[in-house]
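Overview (structure and organization)
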Amino acid sequence: MITPLEKYDPQIYELLRQEAARQSACIRLIPSENYVSKAVMAATGSCLTNKYAEGYPGKRYYEGQQVTDLVETLAIERAQKLFKVDHANVQSHSGAVANLAAYSAVAAPGETIMGLALPYGGHLSHGWKVNFTSKIFNSVSYELDPVTGQFDFNKIEELAMKHKPKVIISGASAYPRIIDFKSFGEIAKRVGAYHLSDIAHISGLVVAGLHPSPVPYADIVSTTTHKTLRGPRGGMLLCKAGLADAIDKAVFPGLQGGPHMHTISALAVALKEADSPEFVEYAKQIIKNAKVLADCLLEKGFNLFTGGTDNHLILIDLRNKNIPGKKLAKALDRARIETNYNTIPGDPAKPFNPNGLRIGTPAITTRGMKEEQMKIVASLIARVAENVDNEEVIAQVGRESLLLCSQFPVPEHFIMPAGTH
Ligand SMILES: *Cc1c(COP(=O)(O)O)cnc(C)c1O
């Protein structure tokens, strides 16, 4: 059947087809990526893309909200139930925008925010110097303990006492261990700061009960919706009832115009999917897979930041292997193994040429890969690392990656043949 997209724009159709083929024929290890279900994908590409809905359910600035109000209310109620939280705002266009909205809800321009430094695994939007958040707010960064790679709560409290931030941010983009949100919450209380917890990477593990939830210890929780949570691209803010109004106003009209209702409908679907025993099993397998992958990599002589993982993510420290992260990531990409190069906490190397490789298991676990396959993935990575200048070996590994992918096809209801909706 020829789809409208294929007929009208064969160029874009062909590119989407190529991307679908690429996603199916490579071992995707970028820890912030996943495969969404066909149900989520269908909602994302729905007629709601045609609708403006500035405002919130029951208080909109445009007519014709008979359906949008019901959709958004469902998404909000599902989020509140799943995260066990008083209030959810589901309109943020992305995780970065959700963070900016959270700061602006409780801090004025020029006031201080304090988050984990980018080279230590923090996110750009936590006030890093190249990000706009550091230009609007006075930004102070804390680091990890250089020896243990863990949070040093004495140091964080000292820094907070000194700078009296309005907001302390917990959460990270490249941290492989459990985060003690309670301690962050206690420090924030003692210094009179708001505690914003950003669980963008781990929200799927949190709702499955496999990582402690920050909800009891944070004033505001922000998350993306597309990482381990396996929903559409977007962001979300969760908070106690007392901050609900300030958060809603900060998102709209504070920062955004019309909400992306198609995305919000897809988020509602993803939240329904996540509220199931199957999702808990999925999240458990993500962690089991990451632990086995970490053990196998250690056996192959790789150094891992903090020595392993408690979550979905592994940070490989390549300094003992003498291969720049970027060079290895590019060689792996040629071998159909998708990763991203990353800084190693405490390593003075620059972010565009770092000594680390960040990998994770959410996407390959969606494909049904289990512990047995993690051994194969580790050995494929090791062979590329040992032969990083040998294109013959890299091509051979690529064939083996393809074979593994063919044995674990993207589950039927997760496949999105380009342009079929
Ligand atoms: C991914 C991520 C974000 C940003 O999400 P976008 O949707 O890409 O803007 C924010 N915070 C953390 C901790 C992240 O890992």
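Being a predicted model, the structure only gives us computed values, none of them experimental.

Across the sheet, which stays open at both edges, the four strands sit in the order E11-E12-E15-E14 with antiparallel pairing between neighbours. In this open sheet, the two edge strands, each paired with only one partner strand, are strand E11 (303-304) and strand E14 (340-342). Across two bridges, the pairing between E11 and strand E12 (residues 313-317) is antiparallel. Note that in E12 the partner of Asn303 across the bridge is Asp317. Sitting on the sheet, helix H13 (residues 325-334) is in contact with E14 and strand E15 (356-360), with an inclination near 45° to E15.

In contact at an axis separation of 10 Å, helix H15 (residues 371-386) and helix H16 (residues 391-407) are set at 165° when each is read in the N-to-C sense. When the axes of H15 and H16 are compared, the pair comes out roughly antiparallel. Between H15 and H16 lies a crossing of left-handed hand. Contacts between H15 and H16 involve Gln373, Ile376, Val377, Leu380, Arg383 and Val384 from the first element and Val393, Ile394, Gln396, Val397, Glu400, Ser401 and Leu404 from the second. Its residues placed into classes, the contact of H15 with H16 shows eight nonpolar, three polar and two charged.

It is worth spelling out helix H5 (residues 95-106) at this point. The end-to-end C-alpha distance of H5 is 17 Å, a good match for the 16 Å that 12 residues give at a rise of 1.5 Å each. Counting buried residues along H5, nine of its 12 residues qualify, which places the element largely inside the surrounding structure. Its side-chain oxygen 3.4 Å from the backbone nitrogen of Ala96, Ser94 forms the N-cap of H5.

A word on the site of the ligand. As a structural note, the neighbourhood of the ligand is formed by 13 residues, with Gly95, Ala96, Ser173, Asp198 and Lys227 the closest of them. Measuring from a nitrogen atom of the ligand, one finds a side-chain N or O atom of Asp198 at 2.6 Å. Within the side chain of Lys227, an N or O atom sits 2.8 Å from an oxygen atom of the ligand. Considering the ligand on its own, with 380 Å² of exposed area, one finds that the protein chains cover 86% of that surface. Taken together, the residues of the shell around the ligand sort by class into three nonpolar, eight polar and two charged.

What the domain assignment reports for the protein is domain 1 (42-274) and domain 2 (277-406). When each unit is reduced to the centre of its C-alpha atoms, the spacing between domain 1 and domain 2 is 28 Å. Contacts between the two partners involve 24 residues from domain 1, matched on the other side by 25 residues from domain 2. Both sides of the domain 1 and domain 2 interface together cover about 2,100 Å² of buried area, and 64% of this is carbon and sulfur. On the domain 1 side of the contact with domain 2, Pro176, Arg177 and Arg230 bury the most area, a combined 30% of that side's loss. The tally of links between domain 1 and domain 2 comes to one salt bridge.

What counts as what
Residues numbered from 1 in each chain as written. Predicted model: local features only at pLDDT ≥ 70, side-chain atom pairs only at ≥ 80, totals over all residues. Heavy atoms only, no water. Pairing = 2+ DSSP bridges. Helix = DSSP H or I, 4+ residues; strand = E, 2+ residues; numbered from the N terminus. Contact = heavy atoms within 4.5 Å. Axes fitted to C-alpha atoms, helices over the stretch in contact; angles between N-to-C directions. Parallel < 35°, antiparallel > 145°, perpendicular 65-115°, else oblique. Left-handed = near helix turned anticlockwise from the far one by under 90°. Nonpolar A, V, L, I, M, F, W, Y, C, P; charged D, E, K, R; others polar. Expected span 1.5 Å × (residues − 1). Buried < 20%, exposed > 50% of the residue type's maximum accessible area, 1.4 Å probe, protein only. Polar contact = N/O pair within 3.5 Å; in protein donor to acceptor, adjacent residues only side chain to side chain. Near = heavy atom within 4 Å. Areas by Shrake-Rupley, 256 points an atom, 1.4 Å probe, with all protein chains shown as cover. Domains from an automatic or database assignment. Buried area = accessible area lost by both parts, 1.4 Å probe. Salt bridge = Lys/Arg side-chain N within 4 Å of Asp/Glu carboxyl O.

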